[in-house]
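# Coordinate inspection notes
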Amino acid sequence: MPKKYRLEVVEDPDELALAAAQWIVQTIQAHLQVAEHFSLVLSGGSTPQALYRQLARFPYAAEVDWARLHIFWGDERCVPPDHPQSNYRMACQALLDHVPVPPEHIHRIRGELLPEEAAQAYAQELAQFFGERQPQFDLVLLGMGADGHTASLFPHSAALKETHKWVAENYTSSQTSWRITLTIPALNAARQVAFLVSGADKANTLQRVLEGPYQPDELPAQFIQPAVWLVDAAAASRLSL
Ligand code: 6PG
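Residues numbered from 1 in each chain as written. Predicted model: local features only at pLDDT ≥ 70, side-chain atom pairs only at ≥ 80, totals over all residues. Heavy atoms only, no water.

### Details of the overall build of the chain
Threshold: Strands here are runs of E lasting at least two residues and helices are runs of H or I lasting at least four, both read from the DSSP assignment and numbered beginning at the N terminus. The atom set for the radius of gyration is the C-alpha atoms, and the globule formula is 2.2 Å times the number of residues raised to the power 0.38. Only protein chains enter the area calculation, which uses a 1.4 Å probe; residues under 20% of their type maximum are buried, those over 50% are exposed, and those in between are partly exposed. Note on contacts: a residue pair is in contact if any heavy atoms of the two residues lie within 4.5 Å. None of His or the chain ends enter the tally, which takes Lys and Arg as positive and Asp and Glu as negative. Every charge is mapped to an atom, namely NZ of Lys, CZ of Arg, CG of Asp or CD of Glu.
From N to C terminus, the chain includes seven helices and nine strands. At 17 Å, the chain has a C-alpha radius of gyration in line with the 18 Å of a compact globule built from 241 residues. Here the C-alpha coordinates of the chain stretch approximately 45 × 40 × 35 Å along the principal axes. Looking at the chain residue by residue over its 241 residues, the buried ones come to 54%. Counted over contacts in the chain with a minimum sequence separation of 6, partners at least 24 positions apart contribute 74%. If you average the places of the 18 positive and of the 27 negative side-chain charges in the chain, the two averages end up 3 Å apart.

Here's what the structure looks like:
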C-alpha cells in the first residue's frame with residue numbers, strides 16, 4: 001500500500017485504549033480552539049469499547065466539551081437501537097450514556113428501517129448537518145476485520161464501487177446480512193481517520209494491508225487513506241518494524 005499512514009504500536013489492549021483516548025482528546029481540544037463544533041464518527045465492533053469507556057472516565061470525560069460534539073457512526077447493523085448487535089447501543093452503554101452530549105447532536109443510523117430507507121435517511125441526516133458544505137467529518141474512528149473489511153465495507157461487496165453517495169446499504173455474504181455504511185468517498189473526505197486494531201487474529205491481515213500489495217477489493221481497509229493506525233503489539237506482530 002502506498003505509505004500514506006502513521007503507525008503507532010502500543011503494548012496491549014489497555015494501553016491501546018489509553019493512547020487512543022489521549023490522542024482523541026488532544027485532537028478535539030485543538031479543533032475546538034478554531035471551530036464551534038467537532039464531528040466524531042464512531043466505529044462499531046468490540047475493539048473500541050475499552051476506548052469509549054476510557055473517554056467516559058476521569059480525566060478524559062472532564063477534558064472534552066461534549067456539548068460541542070456531534071456524534072455519527074461509520075456503519076450499523078440492520079437491527080433496532082436496543083438490539084445486542086447495535087453499534088449505537090454499544091456506544092451508548094460504553095460512552096454516550098455517561099457524557100453530556102446533547103441528544104440532538106447524536107446522529108444515529110436507523111438500523112431498524114429497511115436497508116435502503118436507512119441509508120437514505122442517514123444521507124439526509126448528513127445533508128442536514130453539513131448543509132451546502134462538502135461533508136467533512138473532523139475525525140473518523142474505524143476498525144478492521146480479520147478479512148480486511150472496515151466499517152461495513154466488506155471484500156468484493158457492492159458498496160466498494162460507490163463513488164458518489166456518502167451512505168450505502170451493503171449486503172455482506174460473509175455475515176449473510178445487510179449493513180448500512182459510510183462509503184469510501186465519505187471516509188476519505190474526513191480531516192482525520194484513525195484505525196484501532198488489536199489482537200493476534202488481525203496480525204496477518206494488518207501486515208497484508210500495510211505492507212502487502214495494493215489490492216483494496218480484497219482488503220477494503222486499504223481504500224482508506226491517509227490514516228493513523230493505532231495498534232497493539234499482538235496485531236503488529238507480523239509487521240517489519
Ligand atoms: C462493525 C464495525 C466493523 C468492525 C470490525 C472489527 O459494525 O462490526 O464497524 O467494521 O470495526 O468488524 O471488529 P472487532 O473490533 O470486533 O474485531
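### Considering helix H7 (residues 203–211)
Applied cut-off: Note that the arc is defined by the directions from the helix axis to the C-beta atoms.
All buried positions along H7 are accounted for by Ala203, Thr205, Leu206, Val209 and Leu210. Along H7, the residues classed as buried sweep out an arc of 160 degrees about the axis, all on the same side. Elements in contact with the buried residues of H7: strand S1 (5–10) and strand S9 (227–232).

### Details of the sheet that holds strand S5 (residues 139–142)
Applicable threshold: Strand pairing follows a simple DSSP-based rule, namely that at least 2 bridges must link the two strands. Each axis is a line fitted through C-alpha atoms, and for a helix only the stretch in contact is used; angles between axes span 0 to 180 degrees, taken between their N-to-C directions.
Across the sheet, which stays open at both edges, the six strands sit in the order S1-S9-S8-S5-S2-S3 with parallel pairing between neighbours. Both edges of this open sheet fall to S1 and strand S3 (69–73), since each of them pairs with a single strand only. Sheet twist, expressed as the average angle between the axes of neighbouring strands with direction ignored, equals 20 degrees. Pairing of S5 with strand S8 (residues 193–197), which is carried by three bridges, proceeds in the parallel orientation. The residue of S8 that forms the bridge with leucine 141 is alanine 194. Sheet strands in contact with helix H5 (residues 115–130) are strand S2 (38–42) and S3, and its direction is about 155 degrees off that of S3. Packed on one face of the sheet, H7 meets S1 and S9 and runs near 155 degrees to S9.

### Some details on empty space enclosed by the protein
Any empty space left between atoms is shown by rolling a water-sized probe over those atoms. Selection rule: Only protein atoms enter the 1 Å grid, on which a cavity is a set of points fitting a 1.4 Å probe that cannot get out and a pocket is an open set with protein on both sides within 12 Å along at least 5 of 7 lines, lining residues being those with an atom within 4 Å of a point. Grid points are joined across faces, edges and corners, and a volume is the space filled by probe spheres set on the points. Polar here means any residue other than Ala, Val, Leu, Ile, Met, Phe, Trp, Tyr, Cys and Pro, which are nonpolar, and Asp, Glu, Lys and Arg, which are charged; Gly is therefore polar.
Evaluated as defined, the whole model comprises one cavity of 30 Å³ or more. Of the pockets and cavities examined, the largest cavity occupies roughly 40 Å³. Ser43, Pro48, Tyr52, Leu141, Leu142, Gly143 and Leu196 together form the lining of the largest cavity. Its residues assigned to classes, the lining of the largest cavity comprises five nonpolar, two polar and no charged.

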